[in-house]
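Read off the chains here:
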Amino acid sequence: MQEIKEGVFLVGAAGTYAMFVEMDDHVVAVGGTAGIPERIKALREVVEDKPIKFGVMTHHHNDHVLGVPAYQAEDAMVLTVKEHEPVMRAAATDADSLKLQFVEDKYVFDDGSRKLEIIDIGPTPHSKHLLVAWLPEEGILFEADHFPTPTNGQMAPAQPVTKRLAEAISEKGLDVKFIVGAHSPRVASIEDLRKAMALNEVKVAQTSP
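None of the values given here were measured: they were computed from a predicted structure. (Residues numbered from 1 in each chain as written. Predicted model: local features only at pLDDT ≥ 70, side-chain atom pairs only at ≥ 80, totals over all residues. Heavy atoms only, no water.)

Visitor: Explain the pairing of strand β11 (residues 140-143) to me, please; I cannot follow it from the model alone.
Guide: Taken residue by residue, a regular strand's side chains alternate between the two faces of the sheet. Because side chains alternate across β11, one face comprises the buried residues I140 and F142, and the other comprises L141 and E143, equally buried. Direction of pairing for strand β10 (residues 131-135) relative to β11: antiparallel, over a ladder of three bridges. Bridging across to β11, W134 finds its partner in L141. The pairing of β11 with strand β12 (residues 178-181) spans four bridges and is classified as parallel. Bridging across to β12, L141 finds its partner in I179. This β-α-β element, β11 to helix α4 (residues 160-171) to β12, shows right-handed connectivity. (Buried < 20%, exposed > 50% of the residue type's maximum accessible area, 1.4 Å probe, protein only. Helix = DSSP H or I, 4+ residues; strand = E, 2+ residues; numbered from the N terminus. Pairing = 2+ DSSP bridges. Right-handed = clockwise from strand over helix to strand, strands pointing away.)

Written as structure tokens, this is what we have:
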């Protein structure tokens, strides 16, 4: 468990991570990869008195909806896009009782002391719809499958999905300082993203005729 900023936790292991954001009287969970029950258990060691009221599913791929039953067990509202409803219900313990909130472009949580925005940056080369979580005051962006970051060491050259993430950050005017993801414990900086983009440019230049 890492507390990136006060009340913002990146929790996980073995290549699967979720972000938990404390609001005034509840918690918003972001990410649905494997191990969500264990991530929730770890969170409860430090945040004991706030229910998880919302669980954000980044997209519809099989490895990113495994957490749906865990959020349903918490009686949380699951955030997704309308097109992904069948996949979410299929992943649920009980499809009929699953509580869903659909995101159209953006969904904003704001309790007066903290703002959390859920933004659809799709289409991307990976998914037609891709929800990211953005904390504007903290400058923290949570993403899935678009910025592969090694646990340590140098960034890899940016792939098309990473370039699309960078484009979306620019298009939406997000003043990103830190990037965390569903598959790495590393808290990357915006400079790490720029380095990956620059490495891609160098690679293209070296291989061009």
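Let's pick the thread back up.
Visitor: I keep staring at the nonpolar core and nothing clicks. Help me out?
Guide: Among soluble globular proteins, nonpolar side chains are generally buried collectively. Counting residues in each nonpolar core, the largest one holds 25 residues, and the members touching the most others are M19, V28, F109, L116, I118 and F142. When contributions to this core are tallied by element, the ones reaching two or more residues are β2 (8-13), β3 (16-22), β4 (27-30), β5 (52-56), β9 (115-120), β10 and β11. When neighbours within four sequence positions are excluded, F142 is seen to be in contact with L10, Y17, A18, M19, V30, G31, T58, V132, A133, V180, G181 and A182. Core analysis: the second largest hydrophobic core is formed by 22 residues, V11, I40, V47 and I52 among them. (Core = buried A, V, L, I, M, F, W, Y, C linked by side-chain atoms within 4.5 Å. Contact = heavy atoms within 4.5 Å.)

Visitor: Even after reading the chapter, I still don't get the sheet that holds β3, so can you show me in this structure?
Guide: What holds strands together in a sheet is hydrogen bonding between their backbones, with the strands either parallel or antiparallel. Read across the open sheet, the seven strands follow the order β1-β2-β3-β4-β5-β6-β7; overall the sheet is mixed. Two strands lie at the open edges of the sheet, namely β1 (2-5) and β7 (100-102), each paired on one side alone. The mean angle between the axes of side-by-side strands here comes to 25°, regardless of whether they run parallel or antiparallel. Strand direction decides the pairing type here: β2 and β3, joined by six bridges, are antiparallel. The residue of β3 that forms the bridge with F9 is F20. (Axes fitted to C-alpha atoms, helices over the stretch in contact; angles between N-to-C directions.)

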